[in-house]
Amino acid sequence: RIARAPLGAVVTGKPHDGTTILSNLIQNAPGLYAGGELGFLAFETPDAWRDTPYFDQFLAARRKPGGWGNVTDAGLESLLAAECHADMYERLTTASPGLRA
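Computed from a predicted model, the values in this text were never measured in an experiment.

A word on helix 3 (residues 73-80). Looking only at helix 3, the buried set comprises Gly75, Leu76, Leu79 and Leu80. Along the axis of helix 3, the buried residues cluster in a sector spanning 135 degrees; they form a single face.

By size, the foremost hydrophobic cluster in this structure holds twelve residues: Phe40, Trp49, Phe55, Phe58, Val71, Leu76, Leu79, Leu80, Ala82, Met88, Leu92 and Ala95. Elements supplying a minimum of two residues to this core: helix 2 (53-61), helix 3 and helix 4 (85-95).

Model confidence for the protein chain is summarised by a mean pLDDT of 75, while 71% of its residues fall at 70 or above. Predicted confidence in the protein chain is weakest over helix 2, with a mean pLDDT of 76, and strongest over helix 3, with 87.

Let us now look at a nonpolar patch on the surface. Taken together, the side chains of Val11, Ile21, Leu22 and Leu25 make up a nonpolar region of the molecular surface, amounting to roughly 370 Å² of accessible area. Locating Val11 in the fold gives a position in the segment before helix 1 (19-28). On the basis of relative accessible area, Val11 is assigned to the partly exposed category, the value being 42%.

What follows covers the packing of helix 3 against helix 4. One way to put it is that helix 3 packs onto helix 4 with a least axis distance of 9 Å and a crossing angle of 165 degrees. As summarised for this structure, helix 3 and helix 4 are arranged roughly antiparallel, according to the angle between their axes. Helix-helix and strand crossings are classified by hand; for helix 3 and helix 4 the assignment is right-handed. Of helix 4, the residues touching helix 3 (which contributes Gly75, Ser78 and Leu79) are Met88, Arg91, Leu92 and Ala95. For the contact of helix 3 with helix 4, the per-class residue count stands at four nonpolar, two polar and one charged.

When the charged atoms of two side chains lie near each other, side chains of opposite charge can form a pair. This model, assessed by the stated rule, comprises three salt bridges. Put simply, Asp47 and Arg50 hold a salt bridge, and the shortest N to O gap is 2.9 Å. By relative accessible area, Asp47 is classed as partly exposed at 35%. With a closest N to O distance of 3.2 Å, Arg91 and Asp87 form a salt bridge. Highlighted residues: Arg91 and Asp87, both in helix 4, separated by four residues, approximately one helical turn. Assessed through its relative accessible area of 27%, Arg91 is described here as partly exposed. Taken together, the shared-partner salt bridges connect Asp47, Arg50 and Glu77 into one network.

Calculation notes
Along each chain, numbering runs from 1 in the same order as the chain's sequence is written. Reporting in this predicted model follows two pLDDT cut-offs: at least 70 for local features of residues, and 80 or more for side-chain atom pairs to be given and counted; totals over whole chains, interfaces and linings ignore these cut-offs and use all residues. Derived side-chain values reflect all non-hydrogen atoms in the structure, with water molecules and hydrogen atoms excluded from consideration. Relative accessibility thresholds used throughout: buried, under 20% of the residue-type maximum; exposed, over 50%; partly exposed, between the two (1.4 Å probe, protein chains only). Only runs of H or I of at least four residues qualify as helices and only runs of E of at least two qualify as strands under DSSP, and these elements are numbered from the N terminus. Arc definition: directions from the helix axis to the C-beta atoms. Here, nonpolar core means buried Ala, Val, Leu, Ile, Met, Phe, Trp, Tyr and Cys residues that are tied together by side-chain atoms lying within 4.5 Å of each other. Every residue gets a pLDDT, meaning the predictor's confidence in that residue, from 0 to 100. The patches described consist of residues with a relative accessible area above 30% and no salt bridge, like charges being joined within 9 Å and nonpolar side chains (Val, Leu, Ile, Met, Phe, Trp, Tyr) within 5 Å. Calculation of accessible area relied on Shrake-Rupley with a 1.4 Å probe; when residues are assessed, cover is drawn exclusively from the protein chains displayed. Each reported salt bridge corresponds to a side-chain nitrogen of Lys or Arg within 4 Å of a carboxyl oxygen of Asp or Glu. To obtain each axis, a line is fitted to C-alpha atoms, and for helices this fit is confined to the stretch in contact; angles are then taken between N-to-C directions over 0 to 180 degrees. Convention used here: angles under 35 degrees read as roughly parallel, angles over 145 as roughly antiparallel, angles from 65 to 115 as roughly perpendicular, and any remaining angle as oblique. Crossing handedness is defined as follows: a turn of the near helix away from the far one that is anticlockwise and smaller than a right angle gives a left-handed crossing, while the clockwise case is right-handed. Residue contacts are counted whenever heavy atoms from the two residues lie within 4.5 Å of one another. As a working rule, the residues Ala, Val, Leu, Ile, Met, Phe, Trp, Tyr, Cys and Pro are called nonpolar, Asp, Glu, Lys and Arg charged, and the rest polar, with Gly in that last group.

Below, the structure written as structure tokens:
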């Protein structure tokens, strides 16, 4: 018997190693969502991401439907209050309507 649970993945990498191409492939596949290159894993805590240009890019793109999109202000504050990145991803599955499917 095969479990029918949503599957998530985080793709990380250094500049020029193909992650942008992979993100584009994922984004163009039906039923999949690519969160984009947001840079928050480069910081020690999710809250440290707040004062970076990456965060500004996220805010500009966050109203797009699906995935990271449509996270409420309260949901965003919950994500940033996470103690670690794993906790942030766990909270994201609740805060983002596109990831609850």
